[in-house]
Each structure stands twice: as structure tokens, then as C-alpha cells.
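Notes for the structure review
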Amino acid sequence: ALSGMKERESEDTVRTVVSNLLYEHLKKKEQPNRQYKGNAVKTTKYTPWSFLIVNLWEQFHRVANIYFLGIVILNFIPVMNAFHPGVAIIPLCVILALTAIKDAWEDIRRFQTDRKLNNLPCLIYSRKTKSFEEKHWKDLHVGDFVKVLSNEVIPADILLLHTSDPNGVCHIETANLDGETNLKQRKVVPGFFNPVRNMPRHFRGAVVCEKPNSDLNHFKGYIEKDDQNKTGFGVESLLLRGSTARNTDESAGIVVYAGHETKSMLNNSGPRYKRSKLERMMNSDVILCVLLLFGLCLVGAIGHSIWLETFQSIPQYFIPDNNGQYTSSILAGFYMFFTMIILLQVLIPISLYVSIELVKMGQVFFITQDIDLYDEKQDTRIQCRSFNITEDLGQIQYVFSDKTGTLTENKMVFRRCSVRGTEFSHRTHCLLRPSFSNTETDVAPDQKLQQVLRGASLAEDESGYYLDFFLALAICNTVVVSKAPAHRRKVSVLAVLRPSNSKKQMTNDLPDVFSGEDMTNICTDQGVVTPNPGQTQKTQLGCLVHYESQSPDEAALVHAAKAYGFTLAERTPDQVAVRLPSGQMLSFQVLDILAFDAKRKRMSVLVRHPHSREIVMYTKGADSAIMDLLEQPLLEKQVKCNTQQQLDQYARDGLRTLCFAKRVFTYEYEDWSKKRQEAISAIDQREQLLMDTTVFLETKFTLLGATGIEDRLQENVPETIQALREAGIQVWVLTGDKPETAVNIAYSCKLLDHRDLLFTLNAHNKAMCNSTLNNHLEEVKRYGPPERSEEIGLVIDGRTLGLVMDEDLRSKFVELCKHCRSVLCCRVTPLQKSEVVKLVRDKLGVMTLSIGDGANDVNMIRAADVGVGISGQEGMQAVMASDFAISRFKHLSKLLLVHGHWCYNRLSNMIVYFFYKNLAYVNLLFCYQFFCGFSGTAMIDHWIMIFFNLFFTSAPPIMFGIMDKTLSAETLLCMPVLYKSGQHSEGYKRRTFWIAMLDAFYQSLVCFFIPYWTYQGSDIDIFTFGTPINTASFFTITLHLAIEIQSWTVVHWVIMLGSVLVYFIMTLVFSALCVSCNPPANPYWIMQQQMNDPVFYLVCILTVAVALLPRYIVHALRGTNAESLHLWARKVDRLAPPERQQWIREWKSLWHPSVSGQTGRPTPPLSSDPISLEPDSPFSDRRL
């Protein structure tokens, strides 16, 4: 066995695990599983000895820190330094120290978590004691046998070989891995279950499985016994690390993956990093600042060389080198270039990146605290899983949405069914629904169908098909039957199980059609309740069952069967039991389950009938996956035709449809079973072999019937979609449903309008698809450019979508979609969903958002610029893959229109302000170079220069980026058209950047030359001259921000006034204490002397007024010629709420005549369009 293991390992394609019991006496280096990692987990990055070196190495991988380090090194070179070397190193040391403290704190927390996890207890089998001994998780290794008790967390990935359950099953809860709280059933590897024999001691053979990977849903391998026989297994026999054992006293197995090689650890890749669109634009402007810095330094270097050439002789204050030689003017200019880089280093806004991170953390905090985004029913609030793309929420142009569970509730209601071409409606179901809490479990049986079932028998006649239909509903699924734990019981059952008088009152309140014996099969979420006064509460409680389903569809079908008396009573890996309406229990032997997949679009279960002993396959799936596989006798053709018509009607009514069929086998099964076992035991091409065996068997069906399940729209979905479209966002729906169902839902949620021109793309080949695209393109051109194509919709199915994804047709398809206001993609696979998102994102260069709730939406969510997951009925896979997680689709409107608008405008304005602030201050130092021979001298003390960015002007822009509001949430929600400003990047453009730069140049010139002209000819020293310049610049930069702030709060006032107080306190203290900080010109007592001089105040006031006058005038006159919609909205926003609502209604009636009863549908104006202010206009009121 060991030699065979080595041969297989050499192929490097599989992992071979043998039991450690036989080698327990050997040293660890000699054990056969020594090459595999242990179960101890280490997520820390540092050790006490390596922390300093490793942390500094990581920090100097950041460009910003390398930049700072370069500045420090230059400052230590005597011919280049501009500051005292000790002063220059302070900013770098502060940044490195703060980051190191943060990293150390995070690593300590990781170490504590690792230690706690590694020391958790577990039961490991020992050959010496012949029993399971309690050890720690860290002591576990691949090849050990482990026992897990009920409600314990599984310590490693374990291949299940034994359980205390007599059926050889174990139930696990994987909420820690994928967020799903429903129980999943795991079974012992076939042929290894023995409730009596000691499993570890009698285990013989080697486990051969795939290499460790992160796929939680797939696992393959086989156990090779000593006799070379192979027994295959799959993920249904794997207990995953991190999941919890439930409803099973004990389970045991062999460890196949441990520690960092387990699937759960391989999925812990840490948070994903995305770069926002605004950040990408900002980085290009940082490069411009670098070029500008080099330009200023080049001017300084050339100027210094020219200045040196103006001397006829060498001045006495020039100091020669050690050899008595003087530096040449060219070489001095070269040195001065680097000196100027040190002096003007602030022009590169390195601190901007730190400020942006702080601002985004603040924005995320306020988003998560929004009470309107809190779901009281689920007790969940919005989750922000990606902190660095909050501003992208304000620039979305395309939204790609799933349908089921995203636009709809994903709480299924069994509404209609057809059995052998005969349709049975359940319309009266809605009359009973308000009495119960869970819609998927509330089924009121159809009386006509009940009568048919009473006369049906298990014989092979027409009535037998009715029994087969409900048997298929009950057993063709993966629903787990379990005892309902106390914490899982619903309150609704208590409302039904009341004393006799309460039950009688409830029955009397129901319509007559539900009274009497027809009430005997009304189904609740806990079981079939029979509100007959003659029955006791004990009898009712005796039939309580609890269903654990991964899909609401399956739960609805099982409860529908239960409502008609076909109760799924028990399910094990080998059998499934159904109680018939007569009370008889049928126990079917389960031979195999052919699981659902997106390619086949169906699932099947093979069972042996307990009466006839025939092998029967029950199948359910989409009509397109069943109808083509039916047998073709004349009778079947008629049944097929009737059923297809009923399915189409169900789809037009917006119901989710499924077909049910069966097939009875004779001799074919035995040969097929052998091939199936070979496919299960295969490692290479296992999926393809399994698919081949599955497709081979699923043919020659007999149609049983069809079902129609209602999935109601979530609340406010039509209003949300309408608001998004008014905001200029194109909404696409990508669903796996039938086109008829999807179109019906699209009309219901106002994605499509009955007045729209609806194109349908449904082609069988590429030539036909190309022709259809050309015809549609010719037709849409008559409607004008894409921005005016307001009444065109497009529906395309998955087959045609696969054709248009060809390189030859992609451009035409995208061009057609540009003219459509809504696109509906039906019958699409998860892979096609992501391909559509990537196609639109890359071809049109637009900002995209994908929203979904299930595992089939994960690829689409990850492909978009912003991914939004909905925490719904299908687990948490979509949430775990998303950037933001919400509980309802309606929350998307406020997330985008309000928080997206705020975040984008705040951050874009703050970034522009940062560029302005740095250049305005740096240009002061550059202007002084013209009066000091470009010598790199500063008229402001170096400490004050450091304090200026570190303390004086750091807090206000951060507050500005977190709390400023251009408009209130109510106005933004009432006027979605305001969102378009973010789509067009109006808050941050290259033009905006250069205007800010020019304004900074102007203000810095004013702040320098007014004090210069005031003190010209006087004998003041350099720092006395620099103090009013620095003070005027501080007030100019601070009041510049005050002009930009749109909404003043107490926090704004506190921070702005606090910055002023900090400036004067720190400068006064520094001037008082700094006796010899910067000889020979020291700033001692200079600030105190200046504040005693009235000229100082006059200079500061005059300088600030002249510097800010142009910006103030522009703000005052903005909108006087042609007022933009955004400015008008700000004026309306200042009105009292009732008056504001009245004005908004008048605006909507003006730009949306359909609101006032007219039929026209003009487009709302863009934010740059003028608003009429004529006397007869409703917007000319002088109160604005």
C-alpha cells in the first residue's frame, strides 16, 4: 500500500492518506503522512524577534514611505539639505511608528485567536489505549481518526466513516462557512458503515482524494482496500472544518485535510481590494503634481545657477570645501534641484491617502448606522465589506439584477398544478394566507384534485399517475427531515394548536370551502394540523416534522405534497419514506440521486418501489429539459401539448414552472450502475464521466405533470426601479427563468412598460442571430441616438446570448443594447451572467453594479465594479462575495441615490481641496526663492511647517469628507435626476483640478506679496516676515473650506474653531519655548510680538479678503444666468418640509407630465440644464 501511495503521489495530482495507527510508534519524520501540514493554524505575520525587520520591510514596499525615506536621505547630505536632519526624519518616524503600532495590535489579536483555536479540545483515537483520547486541535494530523459529538465544531476536513445514527448519516450546519443555517446531510462512505465494529482498528486501505482546494461544494476520491477494490465517495461524505455537527450523537472519520490545507482555511483569502474610479483619476493627478514639483525644482535649480553667475567675485559668506575649492554654479544648481525637492515635498499629497482611508471609514460608519437600511424582520443592517469603493456608489450607470430572491421574495407559494394535462387551480389559497406566517408552507388543497386522489390507487392506470405525481413532489428533492429543535420551532404552530373553542372560532372565520373535512390537510410550517375538535393536541403534536431545505422551491413542493396527504416522513441516504393519505407508509430504497446542475437543468432520484419492486426514476426540471426527452406515443403527445399550454399560461401569470416525469427500468439499470460506480471512483475527468452516465439514463420519460409556484415581488421594487431609471441608471435583469415568466415579472416591477417597443432575440444559429441583430439595429435607428431611445426593451434567451457572445456579434449586440432602456436576459447560466457584466463594462466603459442573493449570482457580483449581495433565503454566498450587503432590494435606492451621491461628492471635493491646500502652501515657499537667490531658504520655521499639515489643517478636510451634505436625503430621493452629476464625474474632472490649481497659485501670490509689500524696506527678520504670511495663508486655506461647506453642524463649528485655537496656542507656545531651535534666526517670542502689532492684524485681514474674493464672487453669482437643477434643489432643500414637498411635486409635474395625467414622457433635465425662472414659472417665487 505504501509503495502504491508513493507512485500515486509522484503524479502530483492526488493525495493519498493512510491510517496513522499502524505507525503511531514511529517518529514524526518517519510517518507516511509526514509531508502533509498539521492542524495547527498560524495567521500571524510576525514573531517578537522578526517584528521590527519584517514590519519595516513591508512598510517600505509602499511608494509613500519610499518617497519619505528618499527625502530624509537627501536631507542628510550637507550640500542638499533644506532642514535640520533631525527635523526631516520626524514625519517618517511618526508614520512608521503609528503603522507599526497598528500592525502589532492586529497581529496580537490574530495570535490570541490562533491560540484559542489551536487549543480547542477534540477526541483523537489512540492505538495504545484503544479509545478516543481528548487532545487539542493542534495535535491533530492527516491520517488520524477523530470523533465529533453533537453540537461540536468539526476540527479538520474529515472523511465520514462512522456515525451513531442507525442510517449512517450525520447532519451538519455550515453557517460558519457559507452562512446557510439549514442542516445538510452527510453519509458514511458506502460499504464502511458498521454500528458495532470498532471503526479505527478495523480500517484497512488508503484514501485517495484530490489535492487541497477551496471549492466547498465539490470533493472526489476513493478508498482503495487491500484487495485493490475501490469505493468512490464525494462531498456528501466530507465533514468540513468549521461546520457544526447537529442532531447526531457522535460521528467519526479519518482526517484528509488539516490546518491551512482545509477548505475553510483556503477560502480565508482576506478582504478583496478594489480601486475606485475616483482613486484611479486621482492617481493620474498625483503624477501631474510630481511633474509640477519637478518643474518648480528645475526652475529653482536654474535660477540658483544664474544667481551665482551674477557675482563678480566670490562672496565672503560662501564656504569652500575641505580642499579649499568652491562649488561651480552648474554643480550648485544640480544640488539645489534636490534641495528644492526637500523644501517643496508637501506638493506631493502623501497624507491625502491616509486622509482618504479615514474619510472612507467615517462614511462606512454612517452608512451602516442608517436606520432606513435596517431590516427589522431579519434584524440585519447593511454591511460594508469593501471600505475603499464607497464613492463608486455615486457613479453607477448600469445595474445588473437577479430576479428570484432579489426582485422577488423567494418565499414560494404553491399556486397551480397540472397532472397529465389536467389543470388544477389553487386560487382560493389567497383567502387562507393571512391566517399563517410562512407562505411556502400554507397550501389549501384543490377540492377537485382531492376527490381524484381519494379514488386513486397504486395500480398502473391513469389514477396511478396522480399518485406518482405527488410521490415525485415528495421525494424528488434534497429536503432533510429532522426533529425540530426548540430554537427552530416557529410561533405560528402555537397559534394553531389552541384549545377546542379557539380552533372552532378559527374554522368559523374561514370560507365554507375550507370547513369540514377539507380542513384536515391544511399544512403549517410544523406539520399537518387537523383542527378537528375530536382530535387531541397530543395527536397533532405527534405528526410534527421539520424540513431543512436549501431551496424554497423544494420546500414549497414538499409542503404541497404534504397538504394532499403525501407526507415526507423520513429521508436517509438509502431510503425515503412517504406517508400516504390513507395512513399507509411507503418506504422507497434510494439507489442514486442525480443532482441538479445548470447544464441539465433537472434532477432525478432513482428508487425501488416497495410494492412492485420496480426501479423507478422520478425527475423534475425545466420544461425545456424534460419535454424533449419524453416518449412519443399518441397519448403522450396530447398530454405534452396540453401541459405545455398550461406551462406557458403559468409563465405568463408570472409563476415559476417545473415539469415532473418518471421512467421505469428493467434490465438497463444493472449495466448503468456499474458504469456509475466507476465514474464515482474516478479522479480524472470525474465530472464528465458522471455527466455522461446521467444523460444516458435520463431519456424516454413519461410526463406526470407540472407545477406553478408564485414568487411575489418584494415591497417597493417598482418604485425602486423607477427611481433608478430616473437617475439615469440602466437596469438589466439576468435570470434563469422562462422568458414568459421573466417578462411578466418585468411588467409587474415596471422594468418594462406596455407602451414599450419590445424586441425579442431568439435565434437557433449564428446566421439567424446576425440577421435579427441587423434588423433590430435598423429599426432602432429611426428612434434617434441612444440617449433618446426611451421606449425600447430587449428580451434575449440564454441560447441566443451564447451566440451573440461571439467576437463577430458582440459589437452589434452592445450597440443594440445602448438603444434599449431595459434588457431582460432569460434562461442564462451563472457563467453567462458574469460574461454579460464584463461585456458591458469593458465595451462601454461604464460603472456597473451587480446585485443578487444566491450562489448562482456570485460570478456576476464579482465581475461588476460594485457587488451587492442580498441576505435572503438562499444562504450567504452572495453576501460573502459582495462589497455591500443589504436585506431588501428597496434599500438599493437610498444606498445609491443618497449615500452614493454624498460619498462621491464629499470625497471628490475633499481631494480637490487637498491638492489646492498643498499647492497654495508650497507656492509661498517657492515665491520666496525669487528673493533669496533660490537658495532653498524658508521664511517659515521648519517646525511650524511640519505643524501646519500635521495639526493646523488636517482635521477640517477629514470632517469635510465625512459629514458634508450637498442636499438632504429626502430631496435626493424625491429627485433622482440629481444622481446624474456623479455619473458624469462632475465633482472631479481634470478641469476641476486645474481650476483648483490656478486658484491656489492666485491665493498664494496674494498671501505672499501683500505682506511683502507691507514690510518692504523695513528691517524685520526672516521669521517676522514669514509669520503674517503663514497666518494669512492658514486663514485663507481654512476659510476657503468654509466657503465650500454646504451644511454646517455643531461638529463643523467645533473643528473649524478648534483648528484656529490649536494654531494660535501651538505657535504661541512654540515661540515662547523655542529659544535656540533654528540658529542663527530663532522664532523666539516672534508670534507674541506680531500679535501686539496692529499692522499684523490689518495685513492678515486684507490678505485673506483679497485672496478669497474671486472664489466668493463666483459662488455668489453662480446660477444667476442659468440656474442648474442642483442649485435649484439646494434652494428648495432649505424650505420647510411641507413647502419643499409641494415644490418638488410641482417640479415633477413639469418634467413628468404623465404624473398630471398627460401622455407625454419627456426626459428630466440633466444637472447642467437651465431651469426656467420666468414670472409665470412655479420656480420664480421670491422666497427662494
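Structure shown above.
Summary of the structure given here. Note that the structure is predicted; figures quoted are calculated from it, not measured. (Residues numbered from 1 in each chain as written. Predicted model: local features only at pLDDT ≥ 70, side-chain atom pairs only at ≥ 80, totals over all residues. Heavy atoms only, no water.)

Secondary structure summary: the chain contains 41 helices and 33 strands in total. Buried residues in the chain amount to 55% of all 1184 residues. Residue pairs at least 24 apart in sequence account for 74% of intrachain contacts in the chain once pairs closer than 6 positions are excluded. Carbon and sulfur atoms form 56% of the exposed surface of the chain, whose accessible area is close to 52500 Å². (Helix = DSSP H or I, 4+ residues; strand = E, 2+ residues; numbered from the N terminus. Buried < 20%, exposed > 50% of the residue type's maximum accessible area, 1.4 Å probe, protein only. Contact = heavy atoms within 4.5 Å. Areas by Shrake-Rupley, 256 points an atom, 1.4 Å probe, with all protein chains shown as cover.)

So, on to the pattern of salt bridges. Scanning the model with the defined rule gives 36 salt bridges in all. Across the salt bridge formed by glutamate 687 and lysine 220, the nearest N and O atoms sit 3.6 Å from each other. With glutamate 687 in helix H21 (residues 686-697) and lysine 220 in strand S9 (residues 220-224), this residue pair connects regions lying 467 residues apart in the sequence. Glutamate 687 gets classed as partly exposed once you look at its relative accessible area, which sits at 45%. Exposure remark for lysine 220: the relative accessible area of 12% places this residue in the buried category. Its salt-bridge partner being glutamate 815, residue lysine 818 comes within 3.7 Å of it at the nearest N-O pair. Within this pair, lysine 818 and its partner glutamate 815 are both found in helix H26 (residues 807-818), separated by three residues, close to a single helical turn. According to the relative accessible area criterion, glutamate 815 is partly exposed, its value standing at 31%. Among the charged side chains, a network of salt bridges with common partners joins Lys102, Asp103 and Glu106. (Salt bridge = Lys/Arg side-chain N within 4 Å of Asp/Glu carboxyl O.)

Right, let's talk about the packing of helix H22 (residues 717-726) against helix H30 (residues 891-929) for a bit. Contact geometry for H22 and H30: axes closest at 9 Å, N-to-C directions at 20 degrees. Relative to H30, H22 is oriented roughly parallel. For H22 against H30, the interelement crossing comes out left-handed. When H22 is examined against H30, the residues Thr720, Ala723 and Leu724 are found in contact with a partner set consisting of Leu892, Ser893, Leu896 and Leu897. (Axes fitted to C-alpha atoms, helices over the stretch in contact; angles between N-to-C directions. Parallel < 35°, antiparallel > 145°, perpendicular 65-115°, else oblique. Left-handed = near helix turned anticlockwise from the far one by under 90°.)

The strand order S1-S8-S9-S10 describes an open sheet built from four strands, whose pairing is antiparallel. Looking at which strands have only one partner, the edges of the open sheet turn out to be strand S1 (14-18) and strand S10 (230-234). Each strand axis lies, on average, 20 degrees off the axis of its neighbour in the sheet, ignoring direction. When S1 meets strand S8 (residues 206-210), the two strands line up antiparallel, connected through five bridges. Along S8, the bridge assignment pairs valine 17 with valine 207. (Pairing = 2+ DSSP bridges.)

The next subject is a nonpolar patch on the surface. Together, Val354, Leu358, Met361 and Phe387 give the surface a local cluster of nonpolar side chains, amounting to about 380 Å² of exposed area. Assignment of secondary structure puts phenylalanine 387 in the loop between strand S14 (383-384) and strand S15 (398-401). For phenylalanine 387, a relative accessible area of 40% puts it in the partly exposed group. (Patch = residues over 30% accessible without salt bridge, like charges linked within 9 Å, V, L, I, M, F, W, Y side chains within 5 Å.)

With phi around 55 degrees, asparagine 247 is a residue other than glycine that occupies positive phi space. Non-glycine residue tryptophan 1085 carries a positive phi angle of around 65 degrees. For tryptophan 1085, the position within the fold is in the loop between helix H37 (1050-1073) and helix H38 (1086-1091).

Inspection of the secondary structure puts aspartate 107 in helix H4 (residues 85-118). A sequence separation of 64 residues divides aspartate 107 from threonine 43, and the C-alpha atoms of the two residues are 8.4 Å apart. Not counting chain neighbours up to four residues away, the residues in contact with aspartate 107 comprise Thr44, Lys45 and Tyr46. Separated by 3.2 Å, the side chain of aspartate 107 and the backbone nitrogen of tyrosine 46 make a polar contact. (Polar contact = N/O pair within 3.5 Å; in protein donor to acceptor, adjacent residues only side chain to side chain.)

Below, the discussion takes up empty space enclosed by the protein. In the structure shown here, the tally under the stated rule is four cavities of 30 Å³ or more. In terms of lining residues, the largest cavity is bounded by 16 residues, among which Ile944, Phe1023, Thr1027, Ser1071 and Pro1083 are the most central. Elements supplying a minimum of two residues to the lining of the largest cavity: helix H36 (1022-1044), H37 and H38. Examining the composition of the lining of the largest cavity, we find that five residues originate from one element, H36, more than from any other. Of the residues contributing to the lining of the largest cavity, the split by class is nine nonpolar, six polar and one charged. (1 Å grid on protein atoms, 1.4 Å probe; cavity = no way out; pocket = protein on both sides within 12 Å on 5 of 7 lines; lining within 4 Å. Points joined across faces, edges and corners; volume = space filled by probe spheres on them. Nonpolar A, V, L, I, M, F, W, Y, C, P; charged D, E, K, R; others polar.)

Most of strand S7 (residues 183-187) sits inside the fold, with four of its five residues counted as buried. As defined by bridge partners, strand S6 (residues 169-173) adjoins S7 across five bridges and the pair is classed as antiparallel. What sits directly across from cysteine 170, in S7, is arginine 186.

Summed over the entire model, instances satisfying the criterion amount to 53 aromatic pairs. One aromatic cluster is present, built from ring pairs that chain together Tyr921, Trp943, Phe947, Phe948, Phe951, Phe952, Phe1034, Phe1035, Tyr1063, Phe1064 and Phe1070. A cation over an aromatic ring shows up here: arginine 15 above the ring of tyrosine 36, its NZ or CZ 3.9 Å from the ring centre. Over the ring of phenylalanine 914 we find lysine 917, and its NZ or CZ is 4.7 Å from the ring centre. (Phe/Tyr/Trp six-rings, centres within 6.5 Å; stacked < 30°, edge-to-face > 60°. Lys NZ or Arg CZ within 6 Å of the ring centre and 35° of its normal.)

This part is about the pairing of S1. Counting buried residues along S1, five of its five residues qualify, which places the element largely inside the surrounding structure. Alternating residues of S1 divide into Val14, Thr16 and Val18 and Arg15 and Val17, and every residue in both groups is buried.

Attention now goes to the side chain of arginine 241. Note on placement: arginine 241 falls in the loop between strand S11 (238-239) and strand S12 (244-246). For the buried arginine 241, no salt bridge is present, and the opposite-charge side chain at shortest range is aspartate 157, 6.9 Å distant. Within the structure, arginine 241 has its side chain in polar contact with the backbone oxygen of proline 155 (distance 3.0 Å). (Lys, Arg positive; Asp, Glu negative; His and termini not counted.)

An ideal rise of 1.5 Å per residue puts 18 Å on 13 residues; helix H3 (residues 63-75) measures up with 18 Å between its terminal C-alpha atoms. When we look at burial in H3, the residues that qualify are Asn65, Tyr67, Phe68, Ile71, Val72, Leu74 and Asn75. (Expected span 1.5 Å × (residues − 1).)

The nine strands lie next to each other as S17-S16-S26-S25-S24-S23-S22-S21-S20, forming an open sheet whose pairing is antiparallel. The sheet is open, and its two borders are formed by strand S17 (422-425) and strand S20 (567-571), each paired with just one other strand. Strand-to-strand, the axes of this sheet are offset by a mean angle of 30 degrees, without reference to chain direction. Where strand S25 (residues 656-665) meets strand S26 (residues 702-713), seven bridges bridge the pair, whose relative direction is antiparallel. Bridge pairing in S26 links threonine 657 to glycine 708. Against the sheet, H21 makes contact with strand S22 (585-594), strand S23 (602-608), strand S24 (615-621) and S25, and its axis sits at roughly 80 degrees relative to S25, the strand it touches most.

With that settled, the discussion passes to the environment of leucine 238. Tracing the chain through its elements places leucine 238 in strand S11. For leucine 238, a relative accessible area of 0% puts it in the buried group.

Let us now look at H30. Over its 39 residues, H30 runs 56 Å from end to end, which matches the ideal 57 Å to within 8%, given 1.5 Å per residue. Of all bends in H30, the biggest is about 35 degrees, found at glycine 900. The element H30 is extensively covered by neighbouring structure, given that 38 of its 39 residues are classed as buried. (Bend = angle between axes of the 7 residues up to and from the residue.)

Geometrically, a packed helix pair is captured by the angle between its two axes and the distance between the axes. Where helix H8 (residues 277-309) contacts helix H9 (residues 329-343), the axes come no closer than 8 Å and their chain directions differ by 145 degrees. Judged by the twist between their axes, the crossing of H8 over H9 is right-handed. Residues Phe294, Leu296, Cys297, Leu298, Gly300, Ala301, His304, Ser305, Leu308 and Glu309 of H8 pack against Ser329, Ile330, Ala332, Gly333, Met336, Phe337, Met340 and Ile341 of H9.

What follows covers the nonpolar core. Ranked by size, the top nonpolar core spans 85 residues in total, and within it Leu343, Leu344, Ile911, Phe915, Met939 and Tyr988 carry the most contacts. Examining the composition of this core, we find that 18 residues originate from one element, H30, more than from any other. Not counting residues up to four positions away in its chain, the partners in contact with isoleucine 911 are Leu278, Met282, Leu352, Ile356 and Tyr988. Formed by 47 residues, the second largest nonpolar core is a distinct cluster that contains Val419, Tyr466, Ala474 and Val605. (Core = buried A, V, L, I, M, F, W, Y, C linked by side-chain atoms within 4.5 Å.)

Along the polypeptide, histidine 1040 turns up in helix H36. Since its relative accessible area comes to 4%, histidine 1040 is described here as buried. For histidine 1040, the contacting residues outside a window of four places in its chain are Tyr913, Tyr916, Asp999, Gln1003, Leu1108 and Arg1111.

Turning next to the state of the cysteines. A full pass over the atoms with the stated rule returns zero disulfides. Free cysteine cysteine 903: the closest other cysteine sulfur is in cysteine 384, separated by 8.4 Å. (Disulfide = S-S within 2.5 Å.)

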